[in-house]
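Results of the structural survey
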Amino acid sequence: MPELPEVETIRADLERRIVGRQVVRAELLWPGCVAIPTAEELVRDLPGHTIERAGRRGKFLVLDLDGGAALTVHLRMTGRFRLPKKGEARPKHLHAVISLDDGHDLWFEDQRKFGRLYFTRNKDELAAVLRKLGPEPLDATFTRAALAELLAKRRAQLKPLLLNQSFVAGLGNIYVDEALFRARLHPLRRSDTLSPKQVTALHAAIVHALRQGIVNRGTTLSDYRDAWGTAGMNRERLQVFRREGKPCPRCGTPIEKIRVAQRGTHYCPSCQSPPPTT
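Everything numeric here is computed off the predicted structure, so don't read it as measured data. (Residues numbered from 1 in each chain as written. Predicted model: local features only at pLDDT ≥ 70, side-chain atom pairs only at ≥ 80, totals over all residues. Heavy atoms only, no water.)

Turning to the layout of surface pockets, a few remarks are in order. In this structure, the largest pocket occupies an estimated 500 Å³ of space. Met1, Met77, Leu221, Arg242 and Arg263 are, among the 27 residues lining the largest pocket, the residues nearest its centre. Elements that contribute at least two residues to the lining of the largest pocket include exactly helix H6 (173–183), strand S10 (256–260) and strand S11 (263–267). Sorting elements by how many residues they give to the lining of the largest pocket places S11 first, with 3 residues. Partitioned by chemical class, the residues of the lining of the largest pocket number 9 nonpolar, 9 polar and 9 charged. (1 Å grid on protein atoms, 1.4 Å probe; cavity = no way out; pocket = protein on both sides within 12 Å on 5 of 7 lines; lining within 4 Å. Points joined across faces, edges and corners; volume = space filled by probe spheres on them. Helix = DSSP H or I, 4+ residues; strand = E, 2+ residues; numbered from the N terminus. Nonpolar A, V, L, I, M, F, W, Y, C, P; charged D, E, K, R; others polar.)

Following the sequence through the fold, cysteine 33 ends up in the loop between strand S1 (23–28) and strand S2 (34–36). By relative accessible area, which is 0% here, cysteine 33 ends up buried. With sequence-adjacent residues up to four places away left out, cysteine 33 is seen in contact with Leu28, His95, Ala96, Phe108, Gly115, Arg116 and Leu117. (Buried < 20%, exposed > 50% of the residue type's maximum accessible area, 1.4 Å probe, protein only. Contact = heavy atoms within 4.5 Å.)

It is worth spelling out the sheet that holds strand S5 (residues 70–74) at this point. Read across the sheet, 5 strands follow the order S2-S9-S5-S4-S3 without closing on themselves; strand pairing throughout is mixed. At either margin of the open sheet sits one strand with a lone partner, and together these are S2 and strand S3 (51–57). Averaged over neighbouring strand pairs, the angle between their axes works out to 20° when direction is ignored. Where S3 and strand S4 (residues 60–65) come together, 6 bridges link them in antiparallel fashion. Along S4, the bridge assignment pairs alanine 54 with leucine 63. Along the sheet face, helix H1 (residues 4–18) touches S3 and S4 and points at about 170° away from the line of S3. Seen against the sheet, helix H3 (residues 123–130) touches S2, S3, S4, S5 and strand S9 (116–120) and runs at an angle of roughly 180° to S4. (Pairing = 2+ DSSP bridges. Axes fitted to C-alpha atoms, helices over the stretch in contact; angles between N-to-C directions.)

The biggest cluster of nonpolar side chains holds 32 residues, and the ones touching the most others in it are Leu14, Leu46 and Phe81. Ranked by residue count, the leading element in this core is H1, at 4 residues. Counting 28 residues, the second-largest nonpolar core is a separate cluster that includes Phe142, Ala183, Leu185 and Phe241. (Core = buried A, V, L, I, M, F, W, Y, C linked by side-chain atoms within 4.5 Å.)

Remember that the coordinates give geometry; whether it matters functionally is a separate question.
Printed below as a string of structure tokens:
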């Protein structure tokens, strides 16, 4: 599933190309990709709006439109939102085409059909779509102190807690594993047992893992592509994720894989010592 760095890469690509462009047509090849309002309303009401900004909230891509409206995209597991090349043949899993006034299109593709489009007409409707999201981990307000306060309020294992989008928005399986490795914290460590030093390390590790992913234009393991249809380069920079059996880049111990909250979880059993038993 595309996580914060992947969605941020797409956002930045689109920002340079589509801001100021007007939507002239919306075509739905699979109406089921529309979450709200209805497919018919999106096709009818989206055209005529001008794109004023390409934004992001957690894993949601948010295209701000004139008049307070917005087109929001959640890619889920296999979704892609991109600018096709001129004359490119339509792919098998194309679900929506947004045509712009400069002759370019935006394509929404999704092999597994989990991704969704949200067309909201005002700020209140958009806020309702995003209402359950926690703080942005790259925002200036997400300080070490803010993270410490959040962790102290919960008695939960770190891996599932950091995956919870209402706790922190944008983190997924890849970057949680990478952050916990950098912070030398076991995935099953309980959130309210961290020392101040460990909280500081976790905060820095989250920010570093995400920024590295953005610099390398996202992690492509199978489906993710940027707005131009190009794979990300961060896979080669991963230290533990999907590296089970390979040596830890820090100590040489083989990386192990366990299941945590039904998610494959990768860690170094030496660098990330087992959590306290009490």
